[in-house]
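# Coordinate analysis (summary)
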Amino acid sequence: MILALEYHRSPGRFVAARGLTSTRVGSRLSGMVAGNVAPLRLVNRQAPELPGEGWTRVTPILTGICGSDLSLLTGHSSPYLSPMTSMPFVPGHEIVGRTMDELPGIPKGSRVVIDPVLSCAVRGMEPCRWCASGQQSRCDHITAGRISAGIQTGTCGDTGGGWSRQLVAHASQLHVVPEDLPDERAVLAEPLACAIHSVRRVPIGPNSTAVVVGAGTVGLLTLLALRELTQVGAIYVIAKHGHQKDKAKALGATAVIEPRKAVRALRRVTTARMHTPEMGADFLLGGVDTVFECTGGASGLDTSLRLARAGGTVVMSGMPSGGVDLTPLWFRELELVGAYCSGSDGADFADALRLAGSAPLDGYVGTTYPLARWREALNHAADSGRLGTVKVAFDLAR
Amino acid sequence: MSIRREFRLLRHGRDWRGRSTVPRSAEPHVVEPEEKVFPTAWARTPAAVAARSVLRKGLLKPVAWRQITPVIEGAEYLDGVRGPVVFVANHSSHLDTPLILGSLPERFANRVAVGAASDYFFDVRWRATLTAVFFNAFPVERYGSKRLRSLAVDLVDDGWSLLLYPEGTRSEDGWMNPFKLGAAVLCVTKGIPCVPIAIRGSYAAMPRGRNWPQPGKPRVTVRYGRPLVPEEGEDVRAFRTRMAKAVNMLAAEEDLGWYDALRAAADDRLEIPGGSQPTRPGAVRDENAKTEQTADWRRVWASTEPLTGRRRRVWRD
Amino acid sequence: MSRPGFVLDVDERTPPLIMHQGEGFRLERLPLGSKVIYPPDSLPGIRDVDAAIRHALLHPHGTEPLPELLTPGMRLTIVFDDLSLPLPPMQTPDVRQRIIEQVLEMAAAKGVDDVELIAANALHRRMTPAELRRTVGDRVFHAFFPEHLKNHDAEDRDNLLHMGKTRHGEDVEINRRAAESDLIVYVNITLTAMSGGAKSVSVGLASYRSLKHHHNVHTLRHSNSFNDPPNSAMHHSYERMKGLIDEHVKVFTIETTLNNDTFPSSMGFLNKREWEWNVRDQASYLAVKRANELMPKKTRRRIWQSTAAPYGVTGVHAGLQSEVHPLTLNNVHRQQLTEVNGQSDIAIWGLPYICPYNVNSVMNPILVMSLGLGYFFNLYKNKPIVRQGGVAIFYHPVPNEFHPVHHPSYIDFFEEILTESTDPVLLETKYEEQFATDPWYIQLYRNSYAYHGVHPFYMWYWGAHAMQHLGDVIFVGGNRKTTQRMGFRAASTLGDALEMAKDTVGSSPSIAYHHAPPLALADVR
């Protein structure tokens with residue numbers, strides 16, 4: 001028996017959480033909603049069984065709380081994803097842990113990070129065209145094979161998830177963590193790999209301009225990836241909170257702008273023209289080449305579309321929620337690009353581990369909570385920006 | 001800031017009428033505020049005239065006539081006179097004006113404006129208003145540069161008769177002071193007649209310092225004379241002398257009787273005030289007078305001697 | 001005869017003094033011994049202004065009478081001062097209207113057909129049709145708008161003429177239509193000693209290319225003050241440019257001056273010295289102040305912005321600018337000059353609701369700064385009112401408000417540029433060009449009603465001399481955030497402000513309160 005946070009099916013709670021957080025007041029209380037209304041519970045349950053050869057049990061050391069986890073708990077994740085989950089499941093996919101079984105090339109007790117994508121290899125199937133080409137995040141067999149449906153570890157009922165004392169993972173998911181990389185940095189490897197993936201999704205020309213909308217974990221790590229791995233020129237970061245500004249500057253942002261002033265400021269630096277429609281937010285004629293939407297909110301995407309130049313690109317890194325006015329997409333002939341998880345046959349993860357070691361990411365995982373204090377943890381995570389935190393994680397050893 | 005505090009701040013350093021003291025350094029820069037002449041035009045509107053007529057007949061005259069015994073003589077001289085005219089009288093009591101206004105024929109009483117000292121009667125609003133209501137008074141500057149720009153000329157032009165006291169002030173002791181030139185100038189320049197009036201006994205009835213007549217219904221005479229018309233080319237000073245003589249002759253009538261007074265005037269025996277010398281109203285020159293100056297007490301003594309109505313010969317040894 | 005200006009020493013007998021504070025005012029008790037600089041009493045206005053105008057046009061200084069300069073078939077351009085003069089706007093009819101009408105009557109009599117009217121707004125926002133109409137009057141407006149009554153467009157490359165460079169290498173580029181006219185008639189209102197004269201044509205009709213030679217930090221730091229033309233580097237530059245312009249085109253200048261009747265009779269107490277307030281003044285002070293405070297913000301602004309001053313005209317002079325302007329300046333001095341003995345450690349100003357750039361608009365923090373450290377600080381001759389290293393205390397709420405249409409570049413300047421630095425030189429070298437050439441600002445300046453992109457920089461330079469001179473700047477009642485952004489401090493009361501000033505000027509500073517408006521130009525000895 002292991003201690004685990006379990007997400008279970010409860011349409012009533014789902015709807016209640018969604019309803020509550022979509023009001024003005026409720027949106028400020030999303031931490032409370034995630035902790036009290038969401039269909040999440042702390043249980044003692046059977047540890048997940050090894051599904052077969054090439055698997056190992058993993059004891060998580062640290063597991064991050066991701067923005068997408070919070071969306072799920074506040075009922076904002078799209079129902080589109082529901083066939084690709086199998087309930088009840090244990091959330092948590094940003095995992096650094098220790099293997100408990102011997103695997104070829106990965107001795108028992110190795111410190112690993114997990115690529116959460118549950119692709120063909122994991123499911124024991126013939127590779128689909130994407131897995132064959134090394135783009136596992138696009139796997140078509142995400143609902144088939146020897147384990148139940150689930151796009152990731154953390155949405156699949158059979159693998160367990162990071163918010164527990166134990167889970168199972170396939171050898172193909174594991175990346176051994178270098179000895180000198182502390183756990184607090186290693187736990188950022190998964191989101192960083194996603195960020196790296198997202199900047200590799202689109203061609204970014206030398207000295208082109210980019211805007212990162214949102215300066216949470218995804219935004220900051222996207223900024224890091226942009227700076228380190230592309231020839232991009234100026235990077236503007238739209239950040240709500242003061243501490244994010246300093247961090248973004250440290251990671252190489254050209255300028256950090258408050259959301260309220262974003263359109264005006266970007267107008268000036270791109271010498272664009274600004275217009276104010278009769279309804280809705282200001283927009284630019286002219287603007288930036290590439291926009292990375294890293295908030296996962298509808299307003300973030302709306303802003304992104306209004307900031308991109310004609311023919312520019314908007315990359316959606318955050319898990320989208322809610323609808324937006326797509327007129328700029330049509331009128332400005334924008335490219336709207338999705339970026340989900342990591343790819344490149346594991347190269348993104350390798351780069352992520354390398355960058356996690358070198359980049360100034362100290363203090364990103366500021367606060368850790370034992371599972372028992374999960375409500376507090378979720379509360380903190382929902383309010384992390386305001387509380388000066390980038391990433392809140394569960395410390396499973398405690 | 002609360003309205004109270006605002007008010008307190010605003011009131012800081014100001015008196016109850018809201019006037020502030022002038023900062024020392026600002027004193028050289030203070031302009032004397034343009035002396036505002038109390039507006040009296042409203043007191044000459046038909047409505048005010050009507051109201052005053054009611055007040056005079058219903059209040060002023062009955063009250064005055066009850067307190068004293070007025071004797072009015074010579075009002076018939078006014079019968080043929082057409083306004084505007086200037087009434088001039090000796091002045092020794094606040095009773096004088098009510099007495100004259102009360103004794104004037106109606107057509108004059110409603111068309112006469114009284115010259116009143118602006119520094120006293122028009123000093124404060126309430127007194128100015130009352131004076132204007134009851135007496136149709138208009139302000140006369142006694143001092144300062146604006147004396148010449150009097151309202152009197154405009155009033156005459158508008159057909160108002162004037163009641164002026166050429167002495168310029170109430171007498172201290174009942175004796176007559178020298179006449180000032182103003183009234184004479186007005187008559188001569190405008191070519192209008194002057195009606196002399198002499199009042200006797202008003203000092204005794206209500207001297208300076210009293211604000212109600214002496215008890216016992218003292219006798220007061222108001223005597224009108226024949227209108228004096230300035231002659232072609234007549235000198236202002238000469239006209240003033242005529243005026244003073246006429247007033248004094250009327251005053252003498254009280255003591256001498258009509259004819260004797262006429263004779264005294266014809267003989268040029270009447271004293272008229274000149275220089276700074278006051279004379280007793282109706283005084284006849286005494287050839288044997290020993291001193292130039294008469295003692296103060298004797299003047300008051302003479303002035304307060306009750307009028308009996310009998311022709312008495314005083315100072316005529 | 002109206003009384004000359006004087007300096008009051010605050011003593012025990014001094015009542016609380018009025019202090020402007022944005023869209024409002026208050027009474028303030030100043031420390032004993034403070035000096036208060038009062039302007040001369042308002043001069044009597046000319047009774048028959050039209051006759052004075054006619055006389056001026058027919059008997060000009062240094063040139064032939066206007067009718068003799070007008071010939072059939074000539075190109076005549078009438079240029080007039082824009083919305084920024086006078087302040088507050090004048091009750092209609094505006095004196096510019098009276099003058100333009102008479103000029104046009106003469107032109108019509110002489111058979112002049114090609115007449116163009118141009119508002120000399122330089123890089124200011126365009127005047128709206130309603131504002132133009134108010135300035136030139138209905139008759140002129142109907143006859144000329146919109147084809148021949150226009151705002152000057154400093155970004156219309158086709159309609160600018162580069163006349164050459166002065167001996168100091170300054171580009172002179174002005175409105176082409178005006179430059180190629182046979183005669184420019186310039187209709188001016190000189191409200192302060194700064195305006196009028198050579199400034200009229202060389203600034204009012206110029207482009208950025210030309211303006212940057214005198215509207216810069218260096219020139220303004222050497223204009224001590226810009227209200228004292230002989231000691232103003234800026235005016236020397238104007239003169240050089242005007243010299244060049246005179247070689248190309250004949251300018252017939254008509255300059256007018258106004259008296260100090262700045263506030264309408266309902267607010268007559270603002271025109272009076274406090275110890276001379278009668279009960280009526282006090283009652284209206286209380287009533288107006290209370291009503292002003294109770295009013296919703298928007299209504300309050302609308303009412304303030306719609307007040308018009310019952311100015312009297314104190315002088316109309318026409319002819320050659322160089323001969324006319326001394327007469328005009330003399331009139332301004334007659335109305336505004338007050339002699340002050342010595343400088344003070346602290347100077348206090350109550351900043352009013354209006355400055356040249358927020359007529360019918362919003363007074364944003366940058367404009368507050370330029371009004372205080374630019375215009376009011378520079379209302380001196382010889383020496384500043386406050387000593388080198390002294391403290392300036394201003395009364396203004398400095399709200400964080402901007403007019404989105406009129407001042408778009410101000411918003412960016414405030415939000416982004418000032419967060420980096422408040423040093424005028426640094427801002428000038430690093431950002432001026434960028435703002436001046438930003439196509440969006442140019443578009444808004446030309447087609448909307450926006451001040452030019454570079455204008456907030458000019459506002460900042462306007463205060464450059466004061467910033468260099470002063471040891472500290474404190475805003476009583478100022479918004480903490482906005483004052484801090486601009487590098488100043490905020491205090492809630494005068495007492496606090498004086499306490500804060502102690503660090504800079506010691507514990508017993510001398511204090512001068514510059515009592516304005518109505519405007520006083522301090523001649524500090």
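Residues numbered from 1 in each chain as written. Chains lettered and ligands numbered in written order. Predicted model: local features only at pLDDT ≥ 70, side-chain atom pairs only at ≥ 80, totals over all residues.

Below, the discussion takes up the overall build of chain B. Along chain B, the regular secondary structure elements total 12 helices and 7 strands. With respect to the three principal axes, the spread of C-alpha positions in chain B is 85 × 45 × 45 Å. Considering chain B as a whole, with its 317 residues, one finds that 42% of them fall into the buried category. Put simply, of all contacts in chain B between residues at least 6 apart along the chain, 75% involve residues at least 24 apart. (Helix = DSSP H or I, 4+ residues; strand = E, 2+ residues; numbered from the N terminus. Buried ≥ 20, exposed ≤ 12 C-beta atoms within 10 Å, placed from the backbone. Contact = placed C-beta atoms within 7 Å.)

Let us look at helix 9 (residues 217-229) of chain A. Residues and elements named next belong to chain A. Taking 1.5 Å of rise per residue, 13 residues should cover 18 Å, and helix 9 covers 18 Å from first to last C-alpha, within 8% of that figure. Of all 13 residues making up helix 9, 10 are buried, and the element is well covered by its neighbours. Within helix 9, the full set of buried residues consists of Thr-217, Val-218, Gly-219, Leu-220, Leu-221, Thr-222, Leu-223, Leu-224, Ala-225 and Leu-226. (Expected span 1.5 Å × (residues − 1).)

A few words on the UniProt feature "domain: LarA-like N-terminal" (unreviewed entry) in chain C. UniProt's feature table lists "domain: LarA-like N-terminal" (unreviewed entry) at residues 37-225 of chain C, given in the numbering used throughout. Measuring from the first to the last C-alpha atom of residues 37-225 of chain C gives 17 Å, for a span that is 33% helix and 20% strand. (UniProt positions renumbered as here; feature names shortened; annotations may be inferred.)

Moving on: the interface of chain C and chain A. Taken together, the contact between chain C and chain A spans 8 residues of the former and 9 residues of the latter. Elements with a minimum of two residues in the side of chain C that touches chain A: helix 15 (408-417) and helix 17 (439-447) of chain C. With 4 residues, the top contributor of residues to the side of chain C that touches chain A is helix 15 of chain C. Among the residues forming the side of chain C that touches chain A, the class breakdown is 3 nonpolar, 1 polar and 4 charged. (Nonpolar A, V, L, I, M, F, W, Y, C, P; charged D, E, K, R; others polar.)

The next thing to look at is the pairing of strand 6 (residues 114-120) of chain C. Residue and element names in this part refer to chain C. Of all 7 residues that make up strand 6, 5 are buried, and the element is covered over most of its length. The sheet contact formed by strand 5 (residues 75-81) and strand 6 spans 7 bridges and is parallel. The partner of Asp-81 across the bridge, within strand 6, is Ala-120. Regarding topology, helix 3 (residues 95-109) serves as the crossover connection from strand 5 to the parallel strand 6, and that connection is right-handed. Relative to strand 7 (residues 149-151), strand 6 runs parallel, the two sharing 3 bridges. For Ile-118, the partnering residue across the bridge sits in strand 7 and is Lys-150. (Pairing = 2+ DSSP bridges. Right-handed = clockwise from strand over helix to strand, strands pointing away.)

Of the consecutive residues Leu-85 of chain C and Pro-86 of chain C, the connecting peptide bond is found in the cis state with omega at -20 degrees. Here Pro-86 of chain C is to be found in the loop between strand 5 and helix 3. A cis amide bond links Thr-92 of chain C to the next residue, Pro-93 of chain C, at an omega of 0 degrees. Position of Pro-93 of chain C among the secondary structure elements: in the loop between strand 5 and helix 3. Here Cys-341 of chain A, not a glycine, exhibits a phi torsion of approximately 50 degrees, which is positive. Mapping Cys-341 of chain A onto the fold places it in the loop between strand 15 (335-338) and helix 14 (347-358). In the Ramachandran plot, Asn-360 of chain C falls in the positive-phi region, its phi being about 55 degrees despite a non-glycine side chain. Along the polypeptide, Asn-360 of chain C turns up in the loop between strand 14 (344-350) and helix 14 (365-376).

Attention now moves to the interface of chain C and chain B. The partner chain B presents 19 residues to the 22 residues of chain C that form the contact. Counting only elements with at least two residues in the side of chain C that touches chain B, the list comes to strand 1 (6-9) and helix 11 (279-294) of chain C. In terms of residues, the side of chain C that touches chain B owes the most to one element, helix 11 of chain C, which gives 6 residues. Taken together, the residues that form the side of chain C that touches chain B break down as 11 nonpolar, 3 polar and 8 charged.

Quick look at the confidence of the model for chain B now. Predicted confidence across chain B gives a mean pLDDT of 83, with 91% of residues reaching 70 or more. Mean pLDDT per element in chain B: helix 12 (residues 296-303) of chain B is the minimum at 76, and strand 2 (residues 86-89) of chain B is the maximum at 93. (pLDDT = per-residue confidence, 0-100.)

What follows covers the packing of helix 8 (residues 182-190) of chain B against helix 10 (residues 236-256) of chain B. Between two packed helices, both the angle of their axes relative to each other and the distance between the axes serve to describe the pair. All names here are of chain B. Their axes nearest at 9 Å, the elements helix 8 and helix 10 cross at an angle of 115 degrees. When the interaxial angle is binned, helix 8 and helix 10 end up roughly perpendicular. Pair helix 8 / helix 10 crosses with right-handed handedness. Seen from helix 8, the contacting residues are Ala-183, Ala-184, Val-185, Cys-187 and Val-188; seen from helix 10, they are Val-236, Phe-239, Arg-240 and Met-243. Grouping the amino acids of the contact of helix 8 with helix 10 by side-chain chemistry returns 8 nonpolar, no polar and 1 charged. (Axes fitted to C-alpha atoms, helices over the stretch in contact; angles between N-to-C directions. Parallel < 35°, antiparallel > 145°, perpendicular 65-115°, else oblique. Left-handed = near helix turned anticlockwise from the far one by under 90°.)

All right, on to the pairing of strand 8 (residues 160-165) of chain C then. Residues and elements named next belong to chain C. As defined by bridge partners, strand 8 adjoins strand 9 (residues 171-175) across 5 bridges and the pair is classed as antiparallel. Opposite Gly-164, over in strand 9, you have Val-172 as the bridge partner. The antiparallel hairpin formed by strand 8 and strand 9 contains 5 residues in its connecting segment, where Gly-169 sits at a positive phi of about 80 degrees.

Residues and elements named next belong to chain A. Contact pair helix 8 (residues 189-200) / helix 14: the axes reach a minimum separation of 8 Å and the direction vectors enclose 120 degrees. One element, helix 8, and the other, helix 14, form an angle in the oblique class. With respect to the hand of their crossing, helix 8 and helix 14 are arranged in right-handed fashion. Judged by residue contacts, Ala-189, Leu-192, Ala-193, Ile-196 and His-197 of helix 8 engage Asp-348, Phe-349, Asp-351, Ala-352, Leu-353, Leu-355 and Ala-356 from helix 14. Across the contact of helix 8 with helix 14, the residue classes tally to 9 nonpolar, 1 polar and 2 charged.

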